Structures are given as structure tokens and as C-alpha cells.
Amino acid sequence: MGKQVNPDAAGYLLEAAACKKILKELERLAEKYKRKVDREQAARKAEFEAVMQYSSEKDILDAYGWEFITEKQYDRYLELFREGQNALEHHAPTSSEIAYGILCRMAASVQRDIQEWEFCALTPEQQRTARERAEKNQIEWKRKIAEIKKRRGIIEDDGHPTIADIN
């Protein structure tokens with residue numbers, strides 16, 4: 001007698017295939033926004049480097065007085081000059097950065113859907129094997145994380161397993 005086959009498996013696999021198409025488009029869009037975010041970051045860095053060419057706020061005022069920079073640039077340059085590297089690293093997110101984050105979250109959700117549909121298409125025996133493999137992987141990851149924490153001195157090793165080691 002042959003293996004027990006889930007009669008809905010073909011439908012589940014079709015759903016997974018559709019999700020893969022959507023995932024591909026989401027990843028394409030996310031990459032587009034990632035490039036835009038990278039360009040914005042490069043522009044902020046270039047602006048910061050331009051500001052750091054001035055040795056004092058008076059030099060920035062002089063550049064504005066001689067109309068080398070606009071009033072808007074003057075205000076921005078003063079802000080950057082006063083805040084320094086912190087302004088470059090901790091800026092308000094741009095709409096492109098927000099869009100990129102949304103697309104990444106959507107792609108992760110679709111990826112989870114793909115895994116779920118593909119899992120549903122498995123036979124009960126294959127599902128059981130997949131669950132066991134996932135549990136073993138989870139235990140192994142927790143062991144590795146605990147090992148890293150021990151090496152960094154975050155947690156102490158007294159030789160006894162902790163609840164974190166067990167969970």
C-alpha cells in the first residue's frame with residue numbers, strides 16, 4: 001500500500017507557489033527602496049562632511065552672509081554642527097526607510113505563509129519529522145546562544161542546566 005497523501009496537498013502547493021510569486025515582487029520592491037535608503041544615507045553623510053569643513057558656527061554664519069549657502073542650509077548646517085555625529089546616526093526615519101521596513105515585514109509574513117502551506121502539503125509522517133527537526137534545531141540554537149552568553153560573561157556557568165537551557 002502507498003503512502004497516505006493529503007488530498008488537499010495540490011491546493012496547498014498552489015497557494016505556496018502563488019506566495020512565492022508575491023514574495024519575489026516584494027523582494028524586488030524592497031531592494032528598490034533599499035537602494036533609495038542607501039542613497040539618502042550617502043547624501044546625509046556628504047552633507048555632514050560638508051558641515052564638518054567649517055571650524056566654527058561663525059564660519060557657517062559667514063558662508064550664509066556671503067550667500068554661499070541658503071538660509072535652509074544655514075539652519076541645517078548649524079543643527080548638524082552642534083549635534084555632530086549623533087545627528088547623522090539618529091535622524092528621523094524617511095518615508096523610504098519606513099516603506100523599506102514595511103516591505104521587509106510583508107516579505108517575512110509571506111515567507112511564513114509559504115512555509116505553512118508547504119508544511120500543510122506534507123503527509124502526517126513528514127509533518128511529524130519536520131516538527132522533530134525544528135524542535136532539535138531550536139534546542140541547538142538555545143544551547144549555542146547560552147554558550148555565547150557564557151563566553152561573554154552575560155550568564156554564569158555553575159555546571160547545572162538553567163531554565164533557559166531547558167526551554
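Below, the structure is looked at part by part. (Residues numbered from 1 in each chain as written. Predicted model: local features only at pLDDT ≥ 70, side-chain atom pairs only at ≥ 80, totals over all residues. Heavy atoms only, no water.)

**With respect to the packing of aromatic side chains**
Right, on to step 1. In the structure shown here, the tally under the stated rule is 3 aromatic pairs.
Right, on to step 2. Seen from their ring centres, Tyr64 and Tyr74 are 5.0 Å apart, and the 25° between their planes marks the pair as stacked. In this pair, Tyr64 is assigned in helix α2 (residues 57-65) and Tyr74 in helix α3 (residues 71-83), connecting sequence segments 10 residues apart.
Right, on to step 3. Positioned above the aromatic ring of Tyr100, the side-chain terminus of Lys34 is 5.9 Å from the ring centre. (Phe/Tyr/Trp six-rings, centres within 6.5 Å; stacked < 30°, edge-to-face > 60°. Helix = DSSP H or I, 4+ residues; strand = E, 2+ residues; numbered from the N terminus. Lys NZ or Arg CZ within 6 Å of the ring centre and 35° of its normal.)

**Details of the pattern of salt bridges**
Right, on to step 1. Here the structure, examined in full by the defined rule, presents 11 salt bridges.
Right, on to step 2. Note that Glu25 and Arg28 form a salt bridge whose closest N and O atoms lie 3.0 Å from each other. Highlighted residues: Glu25 and Arg28, both in helix α1 (residues 9-51), separated by 3 residues, approximately one helical turn.
Right, on to step 3. Of the charged contacts, one joins Glu147 and Arg143 as a salt bridge, the two residues approaching to 3.0 Å between their closest N and O atoms. Within this pair, Glu147 and its partner Arg143 are both found in helix α6 (residues 124-152), separated by 4 residues, close to a single helical turn.
Right, on to step 4. Residues joined by salt bridges that share partners form a network here, namely Glu140, Arg143, Glu147 and Arg151. (Salt bridge = Lys/Arg side-chain N within 4 Å of Asp/Glu carboxyl O.)

**So, the packing of α2 against α3**
Right, on to step 1. α3 packs onto α2 with a crossing angle of 170° between their chain directions and a minimal axis gap of 10 Å. Relative to α3, the element α2 lies roughly antiparallel. Taking contact as the criterion, the partners of Glu57, Ile60, Leu61 and Tyr64 in α2 are, on α3, Glu71, Tyr74, Tyr77, Leu78, Phe81 and Arg82.
Right, on to step 2. Each residue belonging to the contact of α2 with α3 can be placed in one class, and the counts come to 7 nonpolar, no polar and 3 charged. (Axes fitted to C-alpha atoms, helices over the stretch in contact; angles between N-to-C directions. Parallel < 35°, antiparallel > 145°, perpendicular 65-115°, else oblique. Contact = heavy atoms within 4.5 Å. Nonpolar A, V, L, I, M, F, W, Y, C, P; charged D, E, K, R; others polar.)

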